[in-house]
Each structure stands twice: as C-alpha cells, then as structure tokens.
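Listed below are the residues making up each chain.
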Amino acid sequence: MSTVKKTVKAASVIMVLTLMSKIFGFFRDVTLAAKFGTSVFMDAYNMATVIPMILFAAVTAAIATTVIPIFTEYYQKEGKEKAFDFINNLLGTVGVVTIVLTFIGIIFAPYLVKFVAPAFTGEKFELTVKLTEILLPTMVLIAVSNIFTGVLQAMEHFTVPAMIGIPYNIVVIGAAILYAHKFGIMVVAYSIIFATFIQALMQLPVLYKLGYRFRLKINFKDEGVKRVIVLAIPVLIGTGIQTINVYVDRVIASFLPDGSIAALNYANRLTLFALGIFSTAIATVIYPVLSQHSVQEDREGFVKSLNFAVSGILYILLPVSVGAMVLRVPIIRVLFERGAFDERSTYLTSIALFYFAIGMTGYGLRDVLSRSFYSMKDTKTPTINGALAVLVNIALNLILVRYLKLGGLALSTSIAAIFATFLLFNSLRKKIGSINGKQMFVSFLKAMGASLIMGITVYFIYNHLITKLPDKKIYEALILFIAITVGALVYIPIVLLSDKNAFNYFKKGIKFINAKFVRL
C-alpha cells in the first residue's frame, strides 16, 4: 500500500474518532457553560489549568516531539526489545521529574497564582489556588499518557490514541451534571484527575498486545535518555518562551472585565475543535511517516508526504476558518447560550472567535511544519522560529489590547501563528532544498477562492432564512445546519473540479471510511 493511501486511511480514522471525541468535548464545554457561564468560577478554573501547563509544558512538549523519531530509529535499527527498553527508562526518568515538579508546584501554588494572575484577589484568588493544587498531579499522568501515545503512533496504531478523549469527556460531563450543584467547580477539577488516569490506562492493552512489558527502570545516563535530553533542550527553551507568552496573555486578560478569560477559553476551544479533527489528524499520521523517510534518507518521499499534508490542511482549514468568521454568533449561540451563558457571554466569545479564526490555517500548517523538522531530529529550528513568533505575539498583545480588548489578544495569537508558518516554510526550504512551494501556493489560491465563494453564499443564506422563521433556538440550529450544509455543497465541488489530487484523496478517504477502521 502506498504512503499516500496509508496516510489517507489513517487520517480518515483519526478524523472520525476525533470528531466523536470533540463532540463529547463540546458537550463538556456546553455543560460547564450552562453550570458556570463566564463567571468568576470559570475564570478561576481556566486560570488554574494554566499553572500546570507553565510547570510541565516543557516536559510534555519534549516528550511529544522526541519519542516518535527516537523510538522509530531504535525499532528499525536495533529491534523491538531495545525500543521498548528505551520507553521503560523514559517512563521512569520522566515520572521522577514530573513528581518532583508536582510537589514543588503544590508548595508554591499561592505564589504561582499571584505570578500568573496578579489582578486576582480575595475569594477569586483563594479558589484559583485550591484548583491549582488539585490539578497539578494530572501532569504526571499526562506525561505517561503522551509516552504511550507516541509509541502507538510510531508503530502506526492510531485508533486508541484518537479515542482517549471520549472517556475523559464523559467523566467530566458526568461529574458536572451530577455533582456541580453540590460541590461547585471543585468537583470538575477532581474529575479531571480520574479522567486523565483513564486516558493513560486504556492505551496499555494495545501496547501489551504489541509486546510491550512495563519494567521499572530509572537511569538518567541511559543513551536513549541522553538523546532525548539533547533533542529536548531546544524544545524546553522554546516552551519556556511560550510560557512567557502565555503568562503575558493571562496577565493582560486578568485586567480585562470579568468573563474575558472564560470567553477567550471558549473561543479557543472552538478553534481547537477544528484543529483537533482535521489538522491534528493529518499531523499525527504524517509525523511517523516523515520520521521513516528521514531514517531512510528518502528525500523525495519526504517532500511528497509533506506536500500531501500541507495541501490537505489548506483545503480543509481555510473553509472552516472562513465559515467560523461568518457564522461565529449563531455557532456560539446554538452551542453555548443557555443557563449561565447569556447574551453578553455570546458577544464576548464571538469577538474572540472571529480573531482566532483568522490564524486557524496558520496553526495547522505550523504544527505539520514543526513536525517535519522534529522527524529529522532538528528541534532547534522550530524553537528559534517559535521564539521570534512569541516576541511578535507579545508586542502585538501590548498594542492591540488597547484598541480591541480581548479581541486584540486573539488577533495577536493569529498573526503570530501566520508569521511562524512563513518562517518555518523558509527554514525548511533552506534545509532540504526545493519543497514544491509553487504547488502549495496554487493549492492555497484554489482553496482560498473556493472558501470566499462559500463564505459569501453562507452569509446570504443564513441572513435570509433567519428572518423567515420564528426566533427560537431550534429554528436557529436548523438554519445554521442548512447554511453549513449548503456551504459544503458549494465548496467541495469547486475544489474537486479544480484539483485532481484533491479529488483522488477525497475518493480514497470516503472509500475507506465506508469500509473499515485500521486495526487496533
């Protein structure tokens, strides 16, 4: 089976399973929105979720970027036993590091909250501290889960890693529905610990089926661990810079009116919904493929696979971003506006979503391009380019927030993502030579043209139909569905007729989805 066919099939499975996971994720967000809206409780909760990321993002990012290429090399050159031995030692050493960081974080939680949210005081501050202390241990489990996911993806088993978000969301939804009225936002934090444990646990049966056996091993001098550290250093630096970026974002947001942080979070989740279904699926599948091409020194195969991934993201995310900008208000109203999530919440979230959507395609391309460097064991280049993008983001934050408030924070993030994408394209061309940039640009023009036609059509259809039916949520949801369906029916034929490759990939994906999923 060709690389393209395998990629299309695996990506199709991940998209379907990720869609299911994201639907449950939306049910989770809708449940939390109905229970807490854009209240002080959600501001505290969202800020508390940032603290563990600040402490652990460097470690988890290093794991995510180094496990697949190093495991792939061990597996292909030295065999399965040596590869699994490397994983056991990585689990032990990462476990020790994350546990130590967890205890440090709990001890200094009040100072961390004061550092991240200097404008929080009184009850809001105390609640954020308590939630931070509860959520910190989840990062140990996330680190373990990331290692398991990396191994499975490197061995081209994508189904279970794509499914782990489903039970996670079910646990959080259940806890919020059954106990939020009694225990408030605290029960959501506790449920996340259990949900994260389930994520790691459900990957073990497949790993054991593949021959993996856990053995406690902690050796910081192990050759594999040393290689991880060498590759991870630029990632750690880059993540540290990203952490500064998150810190600046949150500090500025903490001075905005109550509800701004929650609105940014809801809009960001909507953006991540599209990215998680489409671009993450493509990036996840293409990463081990690129790693294999890199190990085999197959430049032609590397460029061909990269072009496939880039074109796929352009054809999928450009219409999604245009649609999100045009239909932002009805999307948010239908999905979230109930209970404590009122018209003001919809207004704030719609502003953030509009500006986040501008950079959606940039986010997706940045992910794929970064992984192309990681597959070549080059973690330095994405780090340098990412650092430059962060500086742009911070500078724009300080400027645009004065004029656009929370919209300025979202727009800064989008511009920085687009800037980073251009830097990565340029760096990749310098590193490996021609990457068929002309073909990518043609794909961009075709996708953008079709997206604009779709966006204009959707705008007029929605605004025409909304005046013809009663002002009720069920009718608004129906009109939204009709507008999205018509938009897809307009966009897809234009793309398929203008690009033969897109037509072939579309046929292969549909054929496989109608057949069967990849093996567990």
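Quick look at the structure, then.

Structural notes on the side chain of Ser191
Position of Ser191 among the secondary structure elements: in helix 9 (residues 185-201). We classify Ser191 as buried; its relative accessible area is 6%. Contacts of Ser191, omitting those with residues within four sequence positions, involve Val171, Val172 and Ala175.

What about a nonpolar patch on the surface?
Residues Val96, Val97, Val100, Ile104, Ile107, Phe108, Tyr111, Tyr208, Phe214, Leu216, Ile218 and Phe220 make up a contiguous nonpolar surface patch of roughly 1200 Å² in combined accessible area. Per-element tally for the nonpolar patch: the top contributor is helix 3 (residues 80-107), with five residues. As for its position among the elements, Phe214 is in the loop between helix 10 (204-209) and helix 11 (223-254). Phe214 gets classed as partly exposed once you look at its relative accessible area, which sits at 46%.

Focus: helix 13 (residues 299-326)
Think of an α-helix as turning once every 3.6 residues; residues three or four places apart then point the same way. Between its first and last C-alpha, helix 13 extends 40 Å over 28 residues, near the 40 Å set by a 1.5 Å rise per residue. The buried count for helix 13 comes to 22 of 28 residues, which makes it a mostly enclosed element.

Here we look at the nonpolar core
Met42, Leu131, Ile185, Val188, Leu264 and Phe336 are the most contacted members of the largest nonpolar core, which has 112 residues in total. For this core, the element with the highest residue contribution is helix 12 (residues 260-295), accounting for 15 residues. Counting residues in each nonpolar core, the second largest holds 30 residues, with Phe84, Leu90, Val160 and Leu207 among its members.

Structural notes on the packing of aromatic side chains
All told, the structure shown has 15 aromatic pairs when counted by the stated rule. Both rings, one in Tyr266 and one in Phe336, keep their centres 5.3 Å apart while their planes meet at 40 degrees; by these two values the pair is tilted. Separated by 70 residues along the polypeptide, Tyr266 in helix 12 and Phe336 in helix 14 (residues 328-336) bring together distant segments of the chain. Across the pair, Phe336 and Tyr266 agree in class, each one buried. With centroids separated by 5.2 Å and ring planes inclined at 90 degrees, the aromatic side chains of Phe354 and Tyr355 adopt a geometry described as edge-to-face. Judged by relative accessible area, which is 27%, Phe354 ranks as partly exposed. By way of ring pairs, the aromatic residues Phe71, Tyr75, Phe84, Phe148, Tyr208 and Tyr212 are connected into one cluster.

Some details on the packing of helix 14 against helix 15 (residues 343-358)
Running from N to C, helix 14 and helix 15 point in directions that differ by 130 degrees, and their axes come no closer than 9 Å. Comparing their axes, helix 15 and helix 14 come out oblique. Taken as a pair, helix 14 and helix 15 cross one another with a handedness that is right-handed. Where helix 14 abuts helix 15, its residues Arg328, Val329, Ile332 and Arg333 lie against Thr346, Thr349, Ser350, Leu353 and Phe354.

Digging into the packing of helix 17 (residues 380-404) against helix 18 (residues 406-432)
Where helix 17 contacts helix 18, the two axes come as close as 7 Å, and the packing angle between them is 155 degrees. The pairing of helix 17 with helix 18 is recorded here as roughly antiparallel in orientation. In this structure, the crossing between helix 17 and helix 18 has a hand that is right-handed. For the contact of helix 17 with helix 18, the class distribution of residues is 17 nonpolar, nine polar and no charged.

Looking at the environment of Phe356
Structurally, Phe356 is set in helix 15. According to the relative accessible area criterion, Phe356 is buried, its value standing at 7%. Sequence separation between Phe356 and Leu409 is 53 residues; the distance between their C-alpha atoms is 9.0 Å. Not counting residues up to four positions away in its chain, the partners in contact with Phe356 are Leu264, Ala267, Asn268, Thr271, Tyr363, Ala410, Thr413 and Ser414.

Some words on the layout of surface pockets
The computed volume of the second largest pocket comes to approximately 560 Å³. Looking at the second largest pocket, it is lined by 22 residues, and the ones nearest its centre are Leu314, Leu365, Phe422, Phe425 and Phe444. Taken together, the elements giving at least two residues each to the lining of the second largest pocket come down to helix 13, helix 15, helix 16 (360-375), helix 18 and helix 19 (437-465). Looking at which element gives the most residues to the lining of the second largest pocket, the answer is helix 18, with six residues. Counted by class, the lining of the second largest pocket contains 15 nonpolar, six polar and one charged residues.

With respect to the pattern of salt bridges
In total, this model carries six salt bridges according to the counting rule given. Between Glu73 and Lys377 there is a salt bridge, and its shortest N-O distance comes to 3.0 Å. Of this pair, Glu73 sits in helix 2 (residues 40-77) while Lys377 sits in the loop between helix 16 and helix 17, and the two are 304 residues apart along the sequence. Linking Lys217 and Asp85 is a salt bridge whose minimum nitrogen-to-oxygen distance equals 2.8 Å. A residue pair is termed long-range when its members are at least 10 positions apart, and Lys217 in the loop between helix 10 and helix 11 and Asp85 in helix 3 qualify at 132 residues. Judged by relative accessible area, which is 26%, Lys217 ranks as partly exposed.

Each value, and the rule that gives it
- Residue numbers run consecutively from 1 along every chain, following the written order of its sequence.
- Confidence filtering applies because this is a predicted model: local features only for residues at pLDDT of at least 70, side-chain atom pairs given and counted only at 80 or more, and all residues used for totals across whole chains, interfaces and linings.
- Side-chain measures were taken over the full set of non-hydrogen atoms in the model, leaving aside hydrogen atoms and water.
- Segments assigned H or I by DSSP are reported as helices when at least four residues long, segments assigned E as strands when at least two residues long, and all are numbered from the N terminus.
- Burial classes follow relative accessibility: with a 1.4 Å probe on protein chains only, a residue under 20% of its type's maximum area counts as buried, one over 50% as exposed, and anything between as partly exposed.
- Here a residue-residue contact requires only that any non-hydrogen atoms of the pair lie within 4.5 Å.
- Note that patches include only residues with greater than 30% relative accessible area and no salt bridge, and the join distances are 9 Å for like charges and 5 Å for nonpolar side chains (Val, Leu, Ile, Met, Phe, Trp, Tyr).
- Each accessible area is a Shrake-Rupley result for a 1.4 Å probe, and residues are judged covered by the shown protein chains and nothing else.
- By definition here, a salt bridge exists when the distance from a side-chain nitrogen of Lys or Arg to a carboxyl oxygen of Asp or Glu is within 4 Å.
- One less than the number of residues in a helix, times 1.5 Å, gives the span that helix is expected to have.
- Definition used in this section: a nonpolar core is a set of buried Ala, Val, Leu, Ile, Met, Phe, Trp, Tyr and Cys residues joined via side-chain atoms within 4.5 Å.
- Classification of ring pairs rests on two measures: the distance between centres of Phe, Tyr or Trp rings, Trp counted by its six-membered ring, which must be within 6.5 Å, and the angle between planes, read as stacked under 30 degrees, edge-to-face over 60 and tilted in between.
- Lines fitted to the C-alpha atoms define the axes, with helices restricted to the stretch that makes contact. Angles between their N-to-C directions range from 0 to 180 degrees.
- Comment on the angle field: the value is read as roughly parallel under 35 degrees, roughly antiparallel over 145, roughly perpendicular from 65 to 115, and oblique elsewhere.
- When the near helix sits turned anticlockwise from the far one by under a right angle, the crossing is termed left-handed; a clockwise turn instead gives a right-handed crossing.
- Charged means Asp, Glu, Lys or Arg here, nonpolar means Ala, Val, Leu, Ile, Met, Phe, Trp, Tyr, Cys or Pro, and polar covers whatever is left, Gly included.
- Method remark: on a 1 Å grid restricted to protein atoms, a set of points is classed as a cavity if a 1.4 Å probe fits but cannot get out and as a pocket if it is open with protein on both sides within 12 Å along at least five of seven lines; lining residues have an atom within 4 Å of a point.
- Grid points are joined across faces, edges and corners, and a volume is the space filled by probe spheres set on the points.

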